[in-house]
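# Commentary on secondary and tertiary structure
Residue-level listing of the chains:
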Amino acid sequence: MKWEEPPHWQQLLRDVRACTLCEPELPLGARPVVQLNPKARILVAGQAPGRRVHASGKPFDDPSGDRLRQWMGIDKETFYDAEKLAIIPMGLCYPGTGKSGDLPPRPECAPAWRNQLLEQLPNLELTLAIGQYAQQWHLNEPKRNLTERVKSWQDYWPTLLPMPHPSPRNNLWLRRNPWFEDEVIPQLKQRVRELL
């Protein structure tokens, strides 16, 4: 079967990047951050851009991204190649800061855009569901906490991997769960090598 590019994906990407749906609720205004190309074989499904990513307009352009790329075993050039990796957070804009970090993704965003964006990715073979919001969407299962989902990673493998957020704020979680970097990360690196 010959691969066909989904129609109108470039127009959809322009529409998404021009979205102002939740702008009144956003402290820094709307600036949707997404990376998409129908040829991508890996989806990075994160939560929402942070302040630094909002400023740069580049997904995971921060210490979380450095750690994520290390976990995946790839460099920045590969990571930002949209023909290899799609990056679609649950909320496309920076939601602001709360008492213990960034606020959750805006609830309007995923229902407005997520399915349309995912339909543009016919070649996906691996989804990295990073954090509880991405996991709730992509796993569509009874509520479990993040640690339970990540511990059960083999239940979803090799097409989906529930992961903790690579943020430095999660250093304590990583220290308490050394099995993640010891057991899961080598498998992730191998799978990414196979796909890219």
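One numbering rule holds for all chains: residues counted from 1, following each sequence as written. Two thresholds apply to this predicted model, a pLDDT of at least 70 for residue-level local features and 80 or more for giving and counting side-chain atom pairs, whereas whole-chain, interface and lining totals are computed over all residues. Only hydrogens and water are removed before side-chain values are computed, so all heavy atoms of the structure are retained for them.

### Here we look at the UniProt feature "domain: Uracil-DNA glycosylase-like" (unreviewed entry) in the chain
UniProt positions are given in the numbering used here, feature names are shortened, and annotations may be inferred rather than shown by experiment. The feature "domain: Uracil-DNA glycosylase-like" (unreviewed entry), as annotated in UniProt, sits at residues 33-189 in this numbering. Labels follow the DSSP assignment, with helices taken as runs of H or I lasting at least four residues and strands as runs of E lasting at least two, numbered in each case from the N terminus. Overall, residues 33-189 shows 39% helix and 13% strand. The separation of its end C-alpha atoms is 25 Å.

### A short note on the sheet that holds strand β6 (residues 160-163)
A pair of strands is considered paired only if DSSP assigns at least 2 bridges between the two. Strand order in the open sheet made by the four strands is β2-β1-β5-β6, with parallel pairing throughout. Each end of this open sheet is capped by a strand with a single partner; those strands are β2 (85-87) and β6. This sheet shows a mean twist of 15 degrees between the axes of neighbouring strands, independent of strand direction. In this analysis, two residues are considered to be in contact whenever any of their non-hydrogen atoms come within 4.5 Å of each other. Fitting a line to C-alpha atoms yields each axis, with helices limited to the stretch in contact; the angle taken between N-to-C directions then spans 0 to 180 degrees. Sitting on the sheet, helix α9 (residues 179-195) touches β1 (42-45), β5 (126-130) and β6, and the angle it makes with β5 is about 145 degrees.

### Some thoughts on the nonpolar core
Nonpolar side chains tend to gather and get buried jointly when the protein is soluble and globular. We define a nonpolar core as any set of buried Ala, Val, Leu, Ile, Met, Phe, Trp, Tyr and Cys residues linked to one another through side-chain atoms lying within 4.5 Å. Three exposure classes are used, based on accessible area relative to the maximum for each residue type with a 1.4 Å probe and protein chains only: buried under 20%, partly exposed in between, and exposed over 50%. Met72, Phe79, Phe180 and Leu188 are the most contacted members of the largest nonpolar core, which has 28 residues in total. Contributions of two or more residues to this core are made by β1, α3 (63-72), β2, β5, α7 (146-151), β6, α8 (171-176) and α9. Examining the composition of this core, we find that seven residues originate from one element, α9, more than from any other. Methionine 72 has contacts with Ile42, Phe79, Leu85, Leu128, Leu188, Lys189 and Val192, leaving out every residue within four places of it along the chain. With 24 residues, the next largest nonpolar core counts Trp9, Cys19, Leu121 and Ala129 among its residues.

### Considerations on the pairing of β5
In terms of residue burial, β5 counts as a mostly covered element, since five of its five residues are buried. Burial along β5 is two-sided: Leu126, Leu128 and Ile130 and Thr127 and Ala129, pointing in opposite directions, are all buried. Two strands pair when backbone bridges link them, and β1 and β5 are joined in this way by four bridges, in the parallel orientation. Opposite valine 44, over in β5, you have leucine 128 as the bridge partner. As paired elements, β5 and β6 share four bridges and run parallel to each other. Bridge assignment links threonine 127 to a residue of β6, and that residue is leucine 160.

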